[in-house]
Amino acid sequence: MTVQDGHTLGISTVRMKGTGSIGVGIGVTNDTGRNAAGAAGTVTGQLVWNTDANTVQVYQGTNGWTNIYTAPLSATGGTKITAPDYIYNVFVAPGNFVVSSGETTEASLVVVGGGGGGASEVGGGGGAGGVYYSPGNIPLTPGTTAVVVGDGGYDAGPNAGGPEISGNNSSFGSYVAGGGGGGGECSGPTPGGSAGNAGPGGIQGSGGGQTGCTNPGTGGGSANAAGSYPGGPGPGSAGPGGSGGGGGGGAGGSTSNTAGGSGGPGRACPDFPGPVCKPGIPGPVQSVWEAVVGGAGTLGGGGGGGSYGGTAGAAGPGGGGTGSGPGNNESGGDAIEYTGGGGGGGSPGSGAAASSNGGYGIVMVRYPK
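The rules behind these values
- Residues numbered from 1 in each chain as written.
- Predicted model: local features only at pLDDT ≥ 70, side-chain atom pairs only at ≥ 80, totals over all residues.
- Heavy atoms only, no water.
- Helix = DSSP H or I, 4+ residues; strand = E, 2+ residues; numbered from the N terminus.
- Buried < 20%, exposed > 50% of the residue type's maximum accessible area, 1.4 Å probe, protein only.
- Contact = heavy atoms within 4.5 Å.
- Areas by Shrake-Rupley, 256 points an atom, 1.4 Å probe, with all protein chains shown as cover.
- Polar contact = N/O pair within 3.5 Å; in protein donor to acceptor, adjacent residues only side chain to side chain.
- Core = buried A, V, L, I, M, F, W, Y, C linked by side-chain atoms within 4.5 Å.
- Salt bridge = Lys/Arg side-chain N within 4 Å of Asp/Glu carboxyl O.
- pLDDT = per-residue confidence, 0-100.
- Pairing = 2+ DSSP bridges.
- Axes fitted to C-alpha atoms, helices over the stretch in contact; angles between N-to-C directions.

Caption draft 1: Fine view of the overall build of the protein chain. A tally of helices and strands in the protein chain yields three helices and 18 strands. Across the 369 residues in the protein chain, those meeting the buried criterion constitute 51%. Counted over contacts in the protein chain with a minimum sequence separation of 6, partners at least 24 positions apart contribute 55%. As presented, the protein chain carries roughly 14200 Å² of accessible surface, and 53% of it is formed by carbon and sulfur atoms.

Below you can see the structure in the form of structure tokens.
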């Protein structure tokens, strides 16, 4: 059929209106049919509805076909939260993130590894899990992405030490955040604190703090990437306090002759504010999680160092545990679950002075409605 300007239209692109005038519709095709039409000399500006892409596409000549409309992304997995402008999927346990339709290049992602445990015996605070944060530039397309949420580390108490004190890695597909290193312990195998677990291609966990009874004191566990930091150094001689574990946003504090070191601060992830994301957190810890994460979305606080006869090391903002002190046989405070915070260091003794737990990690995804 030929219209007034001389162009010839396929019958599938033309319809007659009730007035007798001609209305131009849109052909329905798939990738195979669209590409065959393009090879045959499709006119620049031609529109089609592509059933494979589920969107309207326009032919731009040498630039090929581009989307005019992209269907909103539809996904499942974890706890799904709908806010005014965005949708969040919050994972506090392993699972799958499944995109059934739509796509975006503007998703935000945070992946936090499990926090390291705080050690006993004037112990160093546990390092936070690594905090991988990418605001607004993660591509999502139809398919399934495996999600792993790492649990926090712990120590079995005085003289135990061992690898169980470090936290475990979390991941969203290829995006990995390492678990935090455990705090240093007098009689344990790592008095200087453990380095955080490595996240292949991602963020290493933060280092654990130095014990207060090593003479001379040395630096805490190492870490080497944005989103993970080392634990604090010891006092240079035997002292009453362990140093703080590194946080996702800064190094742990050093100990002194009067106090345990403070846990390092967590990393702010403002695309994931606590008040918005809290429905994805289990009820028993939901309110305290919201309070420590806050509107800035701070995650991965380091654990404070334990003390004997001095002031306890403060918890790192973002879910770290408080160190023990000033008495004997005191446990450090457990980190807040689902923040990747490090546990607080304990004071000398046994029984109640068994070390504290690092917090579970978390994985959260945000994308436009």
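Caption draft 2: Fine view of the side chain of Thr-29. Positionally, Thr-29 belongs in strand β3 (residues 27–29). Within the structure, Thr-29 has its side chain in polar contact with the backbone nitrogen of Arg-34 (distance 3.3 Å). Residue contacts for Thr-29: discarding those within four places in its chain leaves Arg-34, Val-48, Trp-49, Asn-50 and Thr-51.

Caption draft 3: Highlighting the nonpolar core. Counting 20 residues, the largest nonpolar core has Phe-97, Leu-109, Leu-140, Phe-172, Val-363 and Tyr-367 as its most contacted members. Of all the secondary structure elements, the ones that give two or more residues to this core are β9 (86–91), β10 (95–101), β11 (104–112), β12 (131–140) and β18 (362–368). When neighbours within four sequence positions are excluded, Phe-172 is seen to be in contact with Phe-97, Leu-109, Val-111, Leu-140, Thr-145, Ala-146, Val-147, Val-363 and Val-365. If you look at the next biggest cluster of nonpolar residues, it comprises 18 residues, including Ala-83, Val-90, Tyr-133 and Val-293.

Caption draft 4: Here's a closer look at the pattern of salt bridges. Summed over the entire model, instances satisfying the criterion amount to three salt bridges. Where Asp-31 meets Arg-34, a salt bridge forms, and the shortest distance between an N and an O atom there is 3.8 Å. Placement of the pair is Asp-31 and Arg-34 together in helix α1 (residues 31–39), with a separation of three residues, close to one helical turn.

Caption draft 5: Molecular detail of the confidence of the model for the protein chain. The share of residues in the protein chain with pLDDT of 70 or more is 83%, and the mean pLDDT across the chain is 84. Counting contacts from residues 1–23, a segment whose pLDDT is below 50, to residues more than four positions away or on other chains yields 24 contacts.

Caption draft 6: Examining the sheet that holds strand β8 (residues 79–82) more closely. Strand order in the open sheet formed by five strands is β8-β9-β18-β11-β12, and the pairing between neighbours is antiparallel. Among the strands making up the open sheet, the edge pair consists of β8 and β12. Each neighbouring strand pair of the sheet contributes to a mean axis angle of 20°, computed without reference to strand direction. Across four bridges, β8 lies against β9 in antiparallel orientation. Bridge pairing in β9 places Ile-81 opposite Tyr-88.

Caption draft 7: Highlighting the sheet that holds strand β4 (residues 47–50). Pairing in this open sheet of four strands is mixed, and the strands run β3-β4-β5-β6 from one edge to the other. Edge positions in the open sheet fall to β3 and β6 (65–67), since each of these has one partner strand only. Strand-to-strand twist across the sheet, computed as the mean angle between neighbouring axes with direction ignored, equals 35°. Sheet topology note: the β3/β4 ladder contains three bridges and is parallel. Paired with Thr-29 across the strands is Asn-50, a residue of β4.

Caption draft 8: Here's a closer look at the side chain of Ser-120. Relative to the elements of secondary structure, Ser-120 occurs in the loop between β11 and β12. One polar contact links Ser-120 to Glu-185, side chain to side chain, over a distance of 3.1 Å.

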